[in-house]
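Next come the chains, spelled out residue by residue.
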There are 2 protein chains.
Amino acid sequence: MTPAAKQHLALGPGPEFERIREIQRLLGPQGRGLGDDCAIIPAGDAFFAISTDVSVEQVHFRLGWIELAEVGWRATAAALSDLAADGAEPVGVLIAVTVPASSTHADLLEVMTGARDCAGSVGISIIGGDLSSGSVWSLAVTVIGHARAPVSRKGAVPGDAIWVTGVLGGSRAALEAWRGGRTPLAGARERYARPTPRITAGKWLADHGARAMIDLSDGLAGDAGHLAAASGVALELDLSRLPTAPEVESEATRAGVPPQQFAAEGGEDFELLVALPPGFNAAAAFTQATDLPLTQIGTAIGGQGVRFLHHGRALTLKSFNHFG
Amino acid sequence: MTPAAKQHLALGPGPEFERIREIQRLLGPQGRGLGDDCAIIPAGDAFFAISTDVSVEQVHFRLGWIELAEVGWRATAAALSDLAADGAEPVGVLIAVTVPASSTHADLLEVMTGARDCAGSVGISIIGGDLSSGSVWSLAVTVIGHARAPVSRKGAVPGDAIWVTGVLGGSRAALEAWRGGRTPLAGARERYARPTPRITAGKWLADHGARAMIDLSDGLAGDAGHLAAASGVALELDLSRLPTAPEVESEATRAGVPPQQFAAEGGEDFELLVALPPGFNAAAAFTQATDLPLTQIGTAIGGQGVRFLHHGRALTLKSFNHFG
C-alpha cells in the first residue's frame, strides 16, 4: 500500500514551479509523486488517482463576476480536470469549505449546490468534507478516481504527435472582459464559470494510446513545459493550428495579440494536452465520442523545452498566473 | 467503484452540526457518507478511508502561539486523526497550502517541513498538493488510509463500554493560557502544537473488537453526541473517571470548573473515544502496545443523547468551538 510514483516529475520553467521544485527537494523521498496531476495509489490490478485543488476568492475568482453556485461548480470542475488528465474514472469528491463570516448559511448551501451539480455531471457524489470560518471563501476540493492504467505527464517520446481537445482562450476572454469593466460574451462567461471537466475525453484518450497527458489549468504556455520536462522531450507547437474559442477574437484584438497567442497565454480552459503515437488517426472517432474537436498542434522531438511557432515565426509566451 | 456508505450518519446537537445536516439534506443521495470521520471506498476485499481537514490561521491557530513547522505538523496530525478513528493504516497525504502574500518562501518550506515530519512519524509521505496565495495561512490536508474493516461512528449497541485513550484537556489548557496572555506549561503547549495522531491506538482497537470510534477533535462534549447519534444509542458518561492531562488543573482552577469538565469541554486533544463490547478487559495490553492509558468512562444504553455525570450529579457541558 505505497504510492506508485518513485520520484518527482520534472516541472517546466516559472517562479511558481521553482517553489514546487524546492518543496520537492525538501520532501526528498517522502515527497515522491509531487508534480503530476494526480497522486497514484495501487489497488489490486488497478489504481486510485487522487488530487487536491484549492480555489480562493480574490485569487481564483471574484464574487462580483460569478454566482456562488458557480464558485462551487468551478472549484469542483478544476479538481476533476486532474482526474481527466490521468484518464481516470471519478469515484468521489471531498470538499473543505472556508466560509466568510459575512456570508449566510444559504450562501453556503448555494456553493454546495454547484459542487453537487458538477460532481453529479460526472456521475459521482460528495462523500466527505470539512467546514471552517475564514475571511474569504476558499474551497479545497479533493477528487478520487480509478484507472486501470493512469496516464501521467511523463511518457511522451520523440516523434509523438501533440494534440489538444476543445477550443482554448474562452476563460481568459471572460477574465479580461471583467478586468476591463466589460461584460463578457455569454459563451466566454460560461467557459469561465461552468467549465466541463473532460472526463469522457480523458478516458477515451487513455483507451486509445495516450502516452502523456496534462490538463490546461495554467494555460498552454506553462503546461506544455511541464509535459515536456516530465517526459524529457522538447515540444514544437504551431500556434497557427491552435483552435480558439469564438469569444477570443474581440478580446485578443483589444489586447493587441493574435487570438492563438491570447489563448495559449490564458489559463483555466481545462482542456487536455495529449501526446499520441505518430500513427494516431482517430480524431473523428474522438469527436463522435465526446462532441469535441481534437487538433494536432505539434510534435515531440529530442531535447528540452517548448518552441512555440506562429506562422513559422518563433514566439515567446507569458505564463498565465491567475490575477493575484 | 462506488463509495460504501449508503446513507448519512446522524450527528449530535449543536449549531455547527445543524449546518452539516442541512448540507446532507441538500446533497441527498449524492452526499451519502457525510458525517463520519472518513469517507470509505471499497477496493478489493478491503477499503480506502479518506478524509479532508482544513486548518485556518486565526481560526484554528495563531502564529504568535506556535511556529510555522508546528502549523504544518498540527494540520497534518488533525487530518491523520480521522484515519486513526477508522482504525486505518495511513497511505499518503495531500496538502493544499494557501500562503499569505506577507510570507517568504522559507516560511512555506517551514510549514512543509512540519507536515513532512508528521507524515513521516506514521510512515507515510506527502504525495500531492496545491499552492495558492491568500490573505492568511490555510492548510487543507487530505489523508488516505487503508483498512480491512474500517470502524465507523455507527455500531455501538446498548451494553457496550465506552472508553477513551490518553488523557484529555491539555490542548485546551494551552489555548486558555494563550488567550489569557500567559505562557502555557510545556506539556500543554506540546499537546496543542504537536499532537500525536493515534494511528497505532486506532488500529489496535479496530483489531480488538471496537464497535464504534470517533476522534476527539471537537471535544468529548460534542463528539460523544456524534457517536451516540450515529449509533442510535444513548451514552452515560461519568466525568469523574475522565483522565485529564497534568497541565489541566491550574487552568481549570482559573476557569472555575472541575478539571474533568474543563477537559470534556476542550477540543483538539485528538484522542479516541471507542465503544467496546462489555466483556473487553485488555486495557493493560492496549497500554503495552501504545504506551497510552485506556480508560472506561461510561456505557451505551438504549435511548438517545449523552448524559454526563460528575460524582453522581448531572452536568450540562458546553461544546468546544475553536476560538473563532
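This text gives an overview of the structure that appears in the document. (Residues numbered from 1 in each chain as written. Chains lettered and ligands numbered in written order. Predicted model: local features only at pLDDT ≥ 70, side-chain atom pairs only at ≥ 80, totals over all residues. Heavy atoms only, no water.)

## Let's talk about the environment of serine 102 of chain B
Applicable threshold: The way it works is that DSSP assigns letters per residue, a run of H or I at least four long becomes a helix, a run of E at least two long becomes a strand, and they are numbered from the N terminus.
Residue position: serine 102 of chain B is located in the loop between strand S3 (89–100) and helix H3 (105–121). Taking the C-alpha atoms as reference, serine 102 of chain B lies 52 Å from alanine 282 of chain B; in sequence the two are 180 residues apart.

## Concerning the relation of the copies chain A and chain B
For clarity, the threshold we go by: Superposing copies: least-squares fit, C-alpha atoms only, residues required to have pLDDT of at least 70 in both. A contact between two residues is defined here by any heavy atoms of the two lying within 4.5 Å.
When chain A is brought onto chain B, the operation consists of a screw motion whose angular component is 180° and whose axial shift is 0.0 Å, with 0.0 Å RMSD remaining. Taken together, the rotation angle and the small translation identify this as a two-fold axis. Both copies share a contact surface, since 98% of the interface residues of chain A are interface residues in chain B too.

## Let's talk about the pairing of S3 of chain B
Residue and element names in this part refer to chain B. Selection criterion: Exposure is judged per residue with a 1.4 Å probe applied to protein chains only, and the accessible area is read against the type maximum: over 50% gives exposed, under 20% gives buried, and values in between give partly exposed. Two strands make a pair as long as DSSP finds a minimum of two bridges between them. Handedness of a crossover is defined as follows: orient the strands so they point away from the viewer, and if the path from the first strand over the helix to the second runs clockwise, the crossover is right-handed.
S3 sits mainly inside the fold: 11 of its 12 residues count as buried. Two elements, S3 and strand S5 (residues 138–147), share nine bridges in a ladder whose sense is antiparallel. Across the sheet, residue leucine 94 finds its bridge partner in S5, namely threonine 142. Sheet topology places S3 next to strand S4 (residues 126–134); eight bridges connect them, and they run parallel. From the neighbouring strand, valine 93 faces S4, where its bridge partner is isoleucine 126. In terms of handedness, the path from S3 via H3 over to S4 forms a crossover that is right-handed.

## Regarding the sheet that holds strand S9 (residues 272–276) of chain A
All names here are of chain A. As a reminder of what qualifies: Only the stretch in contact is used when a helix axis is fitted, and all axes are lines through C-alpha atoms; the angle between N-to-C directions ranges over 0 to 180 degrees.
Strand order in this open sheet of seven strands is S7-S9-S6-S10-S8-S11-S12, and the pairing throughout is mixed. The strands lining the two open edges of the sheet, one partner per strand, are strand S7 (212–215) and strand S12 (313–315). Averaged over neighbouring strand pairs, the angle between their axes works out to 30° when direction is ignored. Here strand S11 (residues 305–310) pairs with S12 via three bridges, running antiparallel. Opposite phenylalanine 308, over in S12, you have leucine 315 as the bridge partner. With respect to the sheet, helix H2 (residues 68–85) is in contact with S7 and S9, its orientation differing from that of S7 by roughly 170°.

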